[in-house]
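Overview (structure and organization)
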Amino acid sequence: MREQIMRLTGPMRAVAALLLVGLTWLLASTLFGGESVSFVRHFLNSASQEPTAAEVRPQRYKCGLSAACPPKHLAFRLVSGAANVIGPKICLEDKMLLSSVKNNVGRGLNIALVNGTLNFFSAVLYLTPDSHFQTHFFCLISGVTGEPLETKTFDMWAGDVSDLLKYLRPLHEGTLVFVASFDDPATKLNAESRRLFEELGSTAVKELAFRDSWVFVGAKGIENKSPFEQRMKNSKSSNKYEGWPESLEMDGCIPLRPPVEV
């Protein structure tokens, strides 16, 4: 007897489920009329629909900044080289000026110069305090569009510092200078080259030493010290890599100077 009751339990449950679905459908028809079918379909579709890639993809800003720069500002990011293995990067307005992928980085100093139409002195800075750099990189850039005019690397381990001096001495008032280190930024630096960087607003170059990491943006004729500078000292007790400190990363927004009225 019990076995017969248990055998009937399964079919009875199925019949009860069908009756429940039917009653639910009738209730929906009563409440929503002819729109019941479309309502149920819409409900089921919206419940199963997944967000599109565009909906879940985080917004990206120039050079990977955490927020967009204000109008008439240049976005930049400097990333130093890691030890003597991974080269540095310099990004300006979402354009990669220097990187290992572009095959235009090297040991020493790499320089980027920008003309005086940029108002460097009132720049806003967003810092991310964890990166590496051990060579100095400089690039020439159009002050209005941020278009690079020139990139150059100076070997500060086995090169001639006179090449760097000839490059820095003729800078015009208002020229911006981007610097990023790779491997060794300081062995060949002499008193004059350090003084030239100090005139650009650097406070760290005076003590910059063998295999330190350094990122810097300065300007010819700056009245105050640059807010765009980081240095990581080469120290056995704190080095992240064997013989080299942690790399440095710095990004921010540099406002353009309004055109001069004539």
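These remarks concern the structure in this document. Note that the coordinates shown come from a computational prediction; the quantities given were computed from them, not determined experimentally.

This part covers the overall build of the chain. In terms of helices and strands, the chain carries five helices and 11 strands. Here the contacts in the chain between residues at least 6 apart in sequence split such that 72% fall between residues at least 24 apart. For the chain, the exposed area adds up to about 15,200 Å²; of that, 58% sits on carbon and sulfur atoms.

Next up on the list: helix H5 (residues 191-199). Looking only at H5, the buried set comprises Ser-193, Arg-194, Leu-196 and Phe-197. The buried residues of H5 occupy an angular sector of 155° when projected down its axis, which confines them to one face.

According to the stated counting rule, one finds two disulfides in the structure shown. The side chain of Cys-63 participates in a disulfide bridge whose partner is Cys-91; the two sulfur atoms lie 2.1 Å from each other. Residues Cys-63 and Cys-91 are joined through a disulfide that is left-handed, its torsion about the S-S bond being -85°. Of this pair, Cys-63 sits in the loop between helix H3 (53-56) and strand S1 (73-79) while Cys-91 sits in strand S2 (residues 89-92), and the two are 28 residues apart along the sequence. Look at Cys-91 and you get buried, because its relative accessible area is 6%. Note that Cys-69 is cross-linked by a disulfide to Cys-253, the S-S spacing being 2.1 Å. The disulfide joining Cys-69 to Cys-253 has a torsion of about -85° about its S-S bond and is therefore left-handed. Here the residue Cys-69 occupies a position in the loop between H3 and S1, and Cys-253 occupies one in strand S11 (residues 249-255), the gap between them amounting to 184 residues. For Cys-253, a relative accessible area of 0% translates into the label buried.

Analysis parameters
- Residues numbered from 1 in each chain as written.
- Predicted model: local features only at pLDDT ≥ 70, side-chain atom pairs only at ≥ 80, totals over all residues.
- Heavy atoms only, no water.
- Helix = DSSP H or I, 4+ residues; strand = E, 2+ residues; numbered from the N terminus.
- Contact = heavy atoms within 4.5 Å.
- Areas by Shrake-Rupley, 256 points an atom, 1.4 Å probe, with all protein chains shown as cover.
- Buried < 20%, exposed > 50% of the residue type's maximum accessible area, 1.4 Å probe, protein only.
- Arc of directions from axis to C-beta.
- Disulfide = S-S within 2.5 Å.

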